[in-house]
Amino acid sequence: MSDFKNVLKELRAEHNLTQTALANKLGVKQGVITNWELRGSEPTAEYLIKLANIFQVSTDYLLGIENEEGIIVMQNNLSDDENYLINMVRQLSPTDKKTLIDLTKVMLNNKK
């Protein structure tokens, strides 16, 4: 969650919300927002979802896993090619995903 505090600050500024105003929307004290933004504390899943709803973004965006277009920007231990493939697969229709899975199985079976 290393990017969370920066993303939260940016979203709060874009929406012209003070820490107090955001805290009121979430039903927490202003100090909670300060802890998230300055001290790097992490919200619970419940508050992460609430923040995503307030700012109309995905939880993955809040966590710095994907960008505004929904493209994965952070995958631990994956190469650039693997991240590229994941992003491409996410854009396929369910039918095309199944076709790709079937094709991949054929390709892997041919290697044996």
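Preceding block: the structure.
What you see is a predicted model, and the numbers here were worked out from it, not measured in a lab.

Draft legend 1. Layout of a nonpolar patch on the surface. Together, Val89, Leu100, Leu103 and Met107 make up a nonpolar patch on the protein surface, roughly 320 Å² of accessible area in all. With 3 residues, helix α7 (residues 94–110) is the single largest residue contributor to the nonpolar patch. Positionally, Met107 belongs in helix α7.

Draft legend 2. Representation of the pattern of salt bridges. Under the defined criterion, the tally for this structure stands at 3 salt bridges. A salt bridge links Arg12 to Glu37, with the shortest nitrogen-to-oxygen separation between them at 2.6 Å. Here Arg12, found in helix α1 (residues 4–14), pairs with Glu37, found in helix α3 (residues 30–38); they are 25 residues apart in sequence, far enough to count as distant. Of the two residues examined, Arg12 and Glu37, each falls in the buried class. The shortest N-O distance in the salt bridge between Lys50 and Glu46 comes to 3.3 Å. With Lys50 and Glu46 both in helix α4 (residues 45–55) and 4 residues apart, this pair spans about one turn of that helix. Classification of Lys50 as partly exposed rests on a relative accessible area of 32%. On the accessibility criterion, Glu46 (47% relative accessible area) is partly exposed.

Draft legend 3. Representation of the nonpolar core. If you look at the biggest cluster of nonpolar residues, it comprises 19 residues, and the most contacted ones within it are Leu22, Leu26, Trp36, Leu51 and Leu62. Those elements that provide at least two residues to this core are α1, α2 (19–26), α3, α4 and α5 (59–62). If one sorts the elements of this core by residue count, α4 sits on top with 5 residues.

Draft legend 4. A look at the side chain of Thr34. With respect to the helices and strands, the residue Thr34 is situated in helix α3. Under the relative-accessibility criterion, Thr34 is labelled buried at 12%. At 2.7 Å, the side chain of Thr34 and the side chain of Gln19 are in polar contact. Looking at Thr34, its side chain comes within polar contact range of the side chain of Gln30, at 2.8 Å.

Draft legend 5. The packing of aromatic side chains, seen in detail. All told, the structure shown has 2 aromatic pairs when counted by the stated rule. Between Phe4 and Trp36 the ring centres are 6.2 Å apart and the planes differ by 75°, which places this aromatic pair in the edge-to-face class. With a gap of 32 residues between them, Phe4 in helix α1 and Trp36 in helix α3 connect regions that are remote in the sequence. As far as burial versus exposure is concerned, Phe4 and Trp36 are alike and both buried. Arranged with centres 6.1 Å apart and planes meeting at 55°, the rings of Trp36 and Tyr47 form a pair that is tilted. Remark: Tyr47 occurs in helix α4 and Trp36 occurs in helix α3; sequence separation between them is 11 residues. You'll find Trp36 and Tyr47 in the same group, each marked buried. An aromatic cluster of at least three residues, connected via ring pairs, comprises Phe4, Trp36 and Tyr47.

The rules behind each value
- Residues numbered from 1 in each chain as written.
- Predicted model: local features only at pLDDT ≥ 70, side-chain atom pairs only at ≥ 80, totals over all residues.
- Heavy atoms only, no water.
- Patch = residues over 30% accessible without salt bridge, like charges linked within 9 Å, V, L, I, M, F, W, Y side chains within 5 Å.
- Areas by Shrake-Rupley, 256 points an atom, 1.4 Å probe, with all protein chains shown as cover.
- Salt bridge = Lys/Arg side-chain N within 4 Å of Asp/Glu carboxyl O.
- Helix = DSSP H or I, 4+ residues; strand = E, 2+ residues; numbered from the N terminus.
- Buried < 20%, exposed > 50% of the residue type's maximum accessible area, 1.4 Å probe, protein only.
- Core = buried A, V, L, I, M, F, W, Y, C linked by side-chain atoms within 4.5 Å.
- Polar contact = N/O pair within 3.5 Å; in protein donor to acceptor, adjacent residues only side chain to side chain.
- Phe/Tyr/Trp six-rings, centres within 6.5 Å; stacked < 30°, edge-to-face > 60°.

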